[in-house]
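One letter stands for each residue in the lines below.
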Number of protein chains: 2
Amino acid sequence: MSDPRPIGVFDSGVGGLTVAAALMDRLPNESIRYLGDTARLPYGTKSPTTVQRYTEKNVGFLIDREVKAVIVACNTASALALDGFHADVPVWGVIEPGADAAIAVTRGRVGVIATESTIAAGAYRTALSRRRPELDIHSQACGLFVPLVEEGWQDDEITETVARRYLAPLLDADIDTLVLGCTHYPVLIPVLSRIVGSDVRLVDSAASTAEAVAEGLRANQLEAPSDHRPEHHFFATDTAERFARIASTVCRRPITLEHVDV
Amino acid sequence: MSDPRPIGVFDSGVGGLTVAAALMDRLPNESIRYLGDTARLPYGTKSPTTVQRYTEKNVGFLIDREVKAVIVACNTASALALDGFHADVPVWGVIEPGADAAIAVTRGRVGVIATESTIAAGAYRTALSRRRPELDIHSQACGLFVPLVEEGWQDDEITETVARRYLAPLLDADIDTLVLGCTHYPVLIPVLSRIVGSDVRLVDSAASTAEAVAEGLRANQLEAPSDHRPEHHFFATDTAERFARIASTVCRRPITLEHVDV
């Protein structure tokens, strides 16, 4: 049993491309349809109702492109919209794989940084506690990290000052592991590492999500044939030269981008 | 001739409430329908095509509420979407009144700060140059100001550091007037004043927009009857306790807020 149809991936913008790149590395035969909902980003400050509506539209758009499964590569949408979500294909988020990655390395004290809406939803806290109830978990919303990255100030003294303020309570709590609960945050790793020091492990969900997707495809008999030549297509809801440039860099191959209204 | 129908006002979020409050002060008989497009904010990083689509939807929503005119109380939408815009009622933006306010006070060297998209569109430069071609105009996009205000850090040392970086080229150019080309920026006046000093005049468009609307209603015989008791209604596209609270404060009266899908 095999299935040559593509995997759908969406994020509010470019952040989920790190997940798409991990999927391409882990599952080189699989085709990908990536949707960046750049016209409505950011999701991280918006209400559950609104994020749920956008998630339904985005999943519907990908299902219309005949995908066999959808990866919600946005932490906020995974946190706010997947509980009880119904679709005609499997829909997988990034929170559970991220929690798995943290559990694999922590010695008991975990910090979670994410958008306001992800923290308010408590999704990582729930996923981590379910796996290990005695964990000591400290959460911090970091509302300015995405705008700072978008401004291109990812390795900048202002960003470092902002990060020191956000991370102070987590360092006071003596965390040993820090979950990067937003797909934008891996580009901040140089700054974050300087602040938390080499004893704190930084965890993001891209690689563990790719691993979970590989297992999910196998379990559902949805893997592409082993001789399948993949084709990737990228869509964005805002016009997006910048998006195309970043996507080519993150995915380490030229990409074609199509502007769509979802 | 008089017309009791309400005036429509929209912004991407809460910023335009300063314009709504100025309208209530200047035109106390006029009813207002205010739409905050909070589900799709911010507009300031998005493309002209997308901002035009949102503007059309928002104006259409307000026209369905039987308004007699629409005020686009968002600088980005005014800059990107009003050129050649067609609607069944007059549609007025905030750029032209803002330019009038700057011309009234400048001695010849004007700085303009606004979102990326407003600066890229060059709307203030065009409006100012048309009024006084010999003006020396210096523009600066300030992408982090809106997120800093949203974070609640409007009077904060980090915000001051960010503002010093953005404003340095304008101060080097020895501006005498600074146009606040985004309706979020008036809350940053304490920080901005400390940086530019008392010799630089800060100009925002709320009061001059209200004056222009008063003239426009008179010229089009659309003024409400002098004994008209106004009623104001507020709509937001994201669910919005925070919005309702801010709206009550800015407009200095209790407001009712309705959640709508536009």
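Nothing here was measured: the structure is a model prediction, and the numbers come from that model.

Rules and cut-offs
Residues numbered from 1 in each chain as written. Chains lettered and ligands numbered in written order. Predicted model: local features only at pLDDT ≥ 70, side-chain atom pairs only at ≥ 80, totals over all residues. Heavy atoms only, no water. Helix = DSSP H or I, 4+ residues; strand = E, 2+ residues; numbered from the N terminus. Expected span 1.5 Å × (residues − 1). Buried < 20%, exposed > 50% of the residue type's maximum accessible area, 1.4 Å probe, protein only. Contact = heavy atoms within 4.5 Å. Core = buried A, V, L, I, M, F, W, Y, C linked by side-chain atoms within 4.5 Å. Phe/Tyr/Trp six-rings, centres within 6.5 Å; stacked < 30°, edge-to-face > 60°. Lys NZ or Arg CZ within 6 Å of the ring centre and 35° of its normal. Pairing = 2+ DSSP bridges. Axes fitted to C-alpha atoms, helices over the stretch in contact; angles between N-to-C directions. Least-squares fit on C-alpha atoms with pLDDT ≥ 70 in both. Buried area = accessible area lost by both parts, 1.4 Å probe. Salt bridge = Lys/Arg side-chain N within 4 Å of Asp/Glu carboxyl O.

(A) Just helix H2 (residues 48-64) of chain B, in detail. Residues and elements named next belong to chain B. An ideal rise of 1.5 Å per residue puts 24 Å on 17 residues; H2 measures up with 24 Å between its terminal C-alpha atoms. Of the residues making up H2, those classed as buried are Thr50, Val51, Arg53, Tyr54, Thr55, Asn58, Val59, Phe61 and Leu62. Along its buried surface, H2 packs onto strand E1 (7-11), strand E2 (32-36), strand E3 (69-72), helix H3 (75-81), strand E4 (91-93) and strand E9 (232-236).

(B) Focus on the nonpolar core. Judged by nonpolar contacts, the single largest core of 50 residues is most densely connected at Ile113 and Phe145 of chain A together with Ile113 and Phe145 of chain B. Sorting the residues of this core by element identifies helix H7 (145-150), helix H8 (157-172), strand E7 (177-180) and helix H9 (189-196) of chain A together with helix H7 (145-150), helix H8 (157-172), strand E7 (177-180) and helix H9 (189-196) of chain B as the ones contributing at least two each. Non-local contacts of Phe145 of chain A, meaning those with residues more than four positions away in its chain, are made with Ile113, Val162, Ala163, Tyr166, Tyr185, Leu188 and Leu192 of chain A.

(C) How the structure looks around the packing of aromatic side chains. Within the structure shown, the criterion is met by 13 aromatic pairs over all chains. Aromatic side chains Tyr166 of chain A and Trp153 of chain B sit 5.6 Å apart centroid to centroid with 35° between the ring planes, which places their arrangement in the tilted category. Linking Tyr166 of chain A in helix H8 with Trp153 of chain B in the loop between H7 and H8, this pair reaches from one chain into another. Here Trp153 of chain B falls in the buried class, since its relative accessible area comes to 12%. Among the aromatic side chains, those forming a connected cluster through ring pairs are Phe145, Tyr166 and Tyr185 of chain A together with Trp153 of chain B. In this structure, Arg165 of chain A is placed above the aromatic ring of Trp153 of chain B, and the distance from its NZ or CZ to the ring centre is 4.4 Å. The lysine or arginine in question, Arg40 of chain B, covers the ring of Tyr54 of chain B, its NZ or CZ lying 4.4 Å from the ring centre.

(D) Molecular detail of the sheet that holds strand E6 (residues 136-141) of chain A. All names here are of chain A. A sheet is described by the order of its strands in space; here 4 strands give the open sequence E6-E5-E7-E8, paired in parallel fashion. On the outer flanks of this sheet lie E6 and strand E8 (201-203), each paired with one strand and no other. Neighbour-to-neighbour, the strand axes of the sheet open up by a mean angle of 20°, direction not taken into account. Inspection of the sheet shows strand E5 (residues 109-114) paired to E7 by 4 bridges, in the parallel sense. Pairing of Ile113 across the sheet is with Leu180, part of E7. In this fold helix H4 (residues 95-105) packs onto E7 and E8, with an angle of close to 165° to the strand it touches most, E8. Contacts from H8 reach E5, E6 and E7, with the element oriented near 170° to E6.

(E) Spotlight on the sheet that holds E2 of chain B. All names here are of chain B. Spatial ordering of the open sheet is given by E4-E3-E1-E2-E9-E10, a layout of 6 strands whose pairing is parallel. With one partner strand each, in any of the chains shown, E4 and strand E10 (257-259) form the two edges of the open sheet. Neighbour to neighbour, the strand axes of the sheet diverge by 20° on average, direction disregarded. Strands E2, E9 and E10 of the sheet are contacted by helix H11 (residues 241-251), whose axis makes an angle of about 145° with E9.

(F) Summary view of the relation of the copies chain A and chain B. Mapping chain A onto chain B leaves a residual RMSD of 0.0 Å; the transformation is a rotation of 180° accompanied by 0.0 Å of translation along its axis. Here the copies are linked by what is in effect a two-fold axis. For chain A, the minimum C-alpha distance to the rotation axis belongs to Arg40 of chain A and amounts to 2.4 Å. In this assembly the copies share their binding face: 97% of the residues contributing to the interface of chain A also contribute to that of chain B.

(G) Main features of the pairing of strand E9 (residues 232-236) of chain A. All names here are of chain A. Taking burial as the measure, the 5 residues of E9 include 4 buried ones, the bulk of the element. Summarising the sheet, strand E2 (residues 32-36) and E9 pair through 5 bridges and their orientation is parallel. Looking at the pairing, Ile32 lines up with His232 of E9. By the bridge criterion, 3 bridges tie E9 to strand E10 (residues 257-259) in an arrangement that is parallel. Note on E10: the bridge partner recorded for Phe234 is Leu257.

(H) Spatial organisation of the interface of chain A and chain B. Taken together, the contact pairs 31 residues of chain A with 30 residues of chain B. Contact with chain B buries area across many residues of chain A, yet Leu144, Ile158 and Arg165 of chain A alone supply 23% of it, more than any other trio. Summed over the shared surface of chain A and chain B, the result is 4 salt bridges. As a salt-bridge pair, Arg165 of chain A and Asp156 of chain B come within 2.7 Å of each other at their nearest N and O atoms.

(I) Representation of the pattern of salt bridges in the model. Residues and elements named next belong to chain A. Under the defined criterion, the tally for this structure stands at 26 salt bridges over all chains. Here Glu211 and Arg26 are joined by a salt bridge, their closest N and O atoms 2.9 Å apart. Residue Glu211 is located in helix H10 (residues 206-219), and its partner Arg26 is located in helix H1 (residues 17-26); the two are separated by 185 residues in the primary sequence. You can call Arg26 partly exposed: its relative accessible area is 34%. For the salt bridge of Asp100 with Arg131, the shortest nitrogen-to-oxygen distance reads 2.6 Å.

(J) Structural detail: the environment of Leu170 of chain A. All names here are of chain A. Mapped onto the fold, Leu170 is located in helix H8. When the C-alpha positions of Leu170 and Arg109 are compared, they lie 9.5 Å apart, and in sequence the two are 61 residues distant. For Leu170, the residues in contact, after removing those within four places along its chain, are Gly111, Ile113, His138, Ser139, Gln140, Ile175 and Leu178.

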